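Fold and contact review
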Amino acid sequence: MIQGVFGPWDELLAKDRLFPMQSNKVMQSSLRPVELLVLQGTPFCNLNCHYCDLSATSRRSKQVMPFELIERLFCQLRDGRLLSAELTIVWHSGEPLTLPPEYYEEAISRLMRLAQEGGSGAPRLHFDFQTNGVLIDKAWCEFFARHRHHLDLGVSCDGPADLHDRHRTNWGGRGTHAQTVRGMDLLELHGIPYNIIAVVTADTLSQPDAFYEFFAKRRKQLTGFHFNVLANGEDGGEGVGYGADDRDRYFEFFRRLLTLSRREEGEDKLQIRNFSHTLGRILAAEGEDRPRYVAEGTAPLRQLNLDALGNVTTFYAGLSVDTLADLYGDGNGFGLGNLNQLSLSEMLSSDKLERMINDFAVSTRYCETNCDYFDVCTGGFEITKRLKHGRFDAGETIECATHVKTLIDAMIADISEHLEHVD
Ligand code: SF4
């Protein structure tokens, strides 16, 4: 949670200075200032990874987000006092490095200027890129070095070549590991730190040591490491589900990674964010005023997305209007509207947003009443539940079981065993 967010926000709501036409109290109390703004500079991608959420059609589009669109959104957020004191702006949902560094120089300079024009309450801006690493060259390294005081870089890599190349392919179907590694080597050569996001597939579950060691060798250059489990066979074409055998495989994989990551201490330790964040939630669950992660994780506005065509979504970072496109009858999925046709204030006072907020609240209430893991759950599975079960008042999905329940079980088993040895 970013400090100082809720004080001024509550004050604004009390004074009704925020979009006065908005009368619905449920909506008002649900909205949060934007902490993460995801800009799709372009949907185009130079790769065709098997598990990508974006459609192939979208990833072949050479659309570029106009600067005017970025400025329009930023000014409306700034003038509506809808920005958090600390705002991270990430370029994602498409390969950002397919646009030249000059595009981002211009975008960053315009955003910094607009933020300063907001006066003493100007948000502190931080920038972030998530890249497949293939196009990193000297010019990009110089760009990242120039902006290192306010920019984080994330590289997507799935580990050793045989794991990475099975799914992270180019449009010709060839693996991209060598190019991604070359990009990471260049970053290291230029002293640019970066974090890693790795996808864990069915194949990774049987190779925890090779997976861990690949990243551990680079740990001095890494600012963080996070893995995403591809738990749904439909996504990657692999037969990983959540039967008893699968559950055991996930559990053993997490246990092995925990053991490996506990071997080293201090600078040599590969910091695995999945574990540090989960541990934080386990510890916080003991407290009287424990956070409501499930509700806060998808609080509307907190994460806001603008795609290259002007469509605005919220709830999850990177949520596309193609997801459940017909759910609310406008063919626009969870889209709040298009910034070329509506102002943000019109979007935030729409009946559609109210319906979406109510659906997410139904989902949260169901989880709170029915799931033993509610206090330690990251949340973020509302749409998955709707996709899998056809309703929001539904329980466990494969993602719940793998991302939350089995991971928590593995961590508690690891902590218990560790404490026994200490005794
Ligand atoms: S694990 Fe799934 S069912 Fe349980 S609280 Fe989280 S989202 Fe809800």
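Residues numbered from 1 in each chain as written. Predicted model: local features only at pLDDT ≥ 70, side-chain atom pairs only at ≥ 80, totals over all residues. Heavy atoms only, no water.

Helices and strands together make up the secondary structure of the chain, namely 18 helices and nine strands. A total of 423 residues make up the chain; the buried ones form 53% of that total. In the chain, once contacts between residues fewer than 6 apart in sequence are set aside, the share between residues at least 24 apart is 72%. Accessible surface, the chain: about 18900 Å² in total, of which carbon and sulfur atoms supply 50%. (Helix = DSSP H or I, 4+ residues; strand = E, 2+ residues; numbered from the N terminus. Buried < 20%, exposed > 50% of the residue type's maximum accessible area, 1.4 Å probe, protein only. Contact = heavy atoms within 4.5 Å. Areas by Shrake-Rupley, 256 points an atom, 1.4 Å probe, with all protein chains shown as cover.)

It is worth spelling out the site of the ligand at this point. By nearness alone, every residue bordering the ligand is listed as Cys367, Cys371, Phe374, Cys377, Phe381, Cys400, Val404 and Lys405. The element best represented in the shell around the ligand is helix α18 (residues 398–422), accounting for three residues. Grouping the amino acids of the shell around the ligand by side-chain chemistry returns seven nonpolar, no polar and one charged. (Near = heavy atom within 4 Å. Nonpolar A, V, L, I, M, F, W, Y, C, P; charged D, E, K, R; others polar.)

Residues Trp91, Phe129, Phe144, Ile196, Phe211 and Phe227 are the most contacted members of the largest nonpolar core, which totals 103 residues. In this view, phenylalanine 211 contacts Asp158, Pro160, Leu163, Ala198, Val200, Thr204, Phe225, Phe227, Phe253 and Leu257; residues no more than four positions away in its chain are not counted. Cys45, Leu47, Tyr51 and Leu230 belong to the second-largest nonpolar core, a separate cluster that totals seven residues. (Core = buried A, V, L, I, M, F, W, Y, C linked by side-chain atoms within 4.5 Å.)

The subject of this paragraph is the sheet that holds strand β6 (residues 222–229). On the basis of which strands lie adjacent, the open sheet formed by nine strands has the order β6-β5-β4-β3-β2-β1-β7-β8-β9 and mixed pairing. Each of the sheet's edge strands pairs with one partner strand only, and the pair in question is β6 and β9 (337–338). (Pairing = 2+ DSSP bridges.)

Time to look at helix α5 (residues 101–116). In an α-helix, one turn spans 3.6 residues; hence positions three or four apart end up facing the same way. An ideal rise of 1.5 Å per residue puts 22 Å on 16 residues; α5 measures up with 23 Å between its terminal C-alpha atoms. Along α5, the positions that sit buried rather than exposed are Pro101, Tyr103, Tyr104, Ala107, Ile108, Arg110, Leu111, Leu114 and Ala115. As for α5, its buried residues are in contact with α4 (67–79), β2 (83–91), β3 (124–131) and α6 (138–146). (Expected span 1.5 Å × (residues − 1).)

It is at 10 Å that the axes of helix α16 (residues 351–370) and helix α17 (residues 382–389) come closest, and there the two elements cross at 85°. The pairing of α16 with α17 is recorded here as roughly perpendicular in orientation. Between α16 and α17, the contacting residues are Phe360, Ser363, Thr364 and Cys367 on the first element and Glu382, Ile383 and Lys385 on the second. The residue makeup of the contact of α16 with α17, split by class, is three nonpolar, two polar and two charged. (Axes fitted to C-alpha atoms, helices over the stretch in contact; angles between N-to-C directions. Parallel < 35°, antiparallel > 145°, perpendicular 65-115°, else oblique.)

Right, let's get into the packing of aromatic side chains. Inspection of every chain in the model, using the stated rule, returns 27 aromatic pairs. With 5.1 Å between their ring centres and 85° between their planes, tyrosine 103 and tyrosine 104 make a pair best called edge-to-face. A relative accessible area of 9% places tyrosine 103 in the buried class. Judged by its relative accessible area of 0%, tyrosine 104 is buried. (Phe/Tyr/Trp six-rings, centres within 6.5 Å; stacked < 30°, edge-to-face > 60°.)

This part is about unusual backbone geometry. Although it is not a glycine, serine 93 adopts a positive phi angle of roughly 65°. With respect to the helices and strands, the residue serine 93 is situated in the loop between β2 and α5. Given a relative accessible area of 13%, serine 93 falls into the buried group. Even without glycine at this site, phenylalanine 315 takes up a positive phi of about 80°.

What follows concerns the pairing of strand β5 (residues 194–200). Within β5, six of the seven residues are buried, which leaves the element mostly enclosed by the surrounding structure. In this structure, strand β4 (residues 151–156) lies alongside β5, joined through three bridges in parallel fashion. Its bridge partner lying in β5, valine 155 is registered against isoleucine 196. In this sheet, β6 lies alongside β5 in parallel orientation, the contact comprising seven bridges. The residue bridging tyrosine 194 from the neighbouring strand is leucine 222, located in β6.

Moving on to the pattern of salt bridges. This structure, assessed with the given rule, holds 28 salt bridges. Across the pair glutamate 117 and arginine 78 runs a salt bridge, and its minimum N-O distance is 3.7 Å. Of this pair, glutamate 117 sits in the loop between α5 and β3 while arginine 78 sits in helix α4, and the two are 39 residues apart along the sequence. The closest approach of N and O atoms between aspartate 330 and lysine 352, which form a salt bridge, is 2.8 Å. Here aspartate 330, found in the loop between β8 (311–313) and β9, pairs with lysine 352, found in helix α16; they are 22 residues apart in sequence, far enough to count as distant. (Salt bridge = Lys/Arg side-chain N within 4 Å of Asp/Glu carboxyl O.)

Averaged over all residues, the pLDDT of the chain equals 88, while 88% of them reach at least 70. A low-confidence stretch, residues 1–23 stays under pLDDT 50, and its non-local contacts, those more than four residues away or across chains, total 37 contacts. (pLDDT = per-residue confidence, 0-100.)

Moving on, we come to the pairing of β3. When you tally the buried positions in β3, you get six out of eight residues, the bulk of the element. Relative to β3, β2 is paired through six bridges, and the arrangement is parallel. The partner of threonine 88 across the bridge, within β3, is histidine 126. Since β2 and β3 lie parallel, the crossover through α5 that links them has a hand, and here it is right-handed. In this structure, β3 lies alongside β4, joined through five bridges in parallel fashion. Looking across to β4, one finds that glutamine 130 is bridged to glycine 154. On the question of chirality, the crossover connecting β3 to the parallel β4 by way of α6 is right-handed. (Right-handed = clockwise from strand over helix to strand, strands pointing away.)

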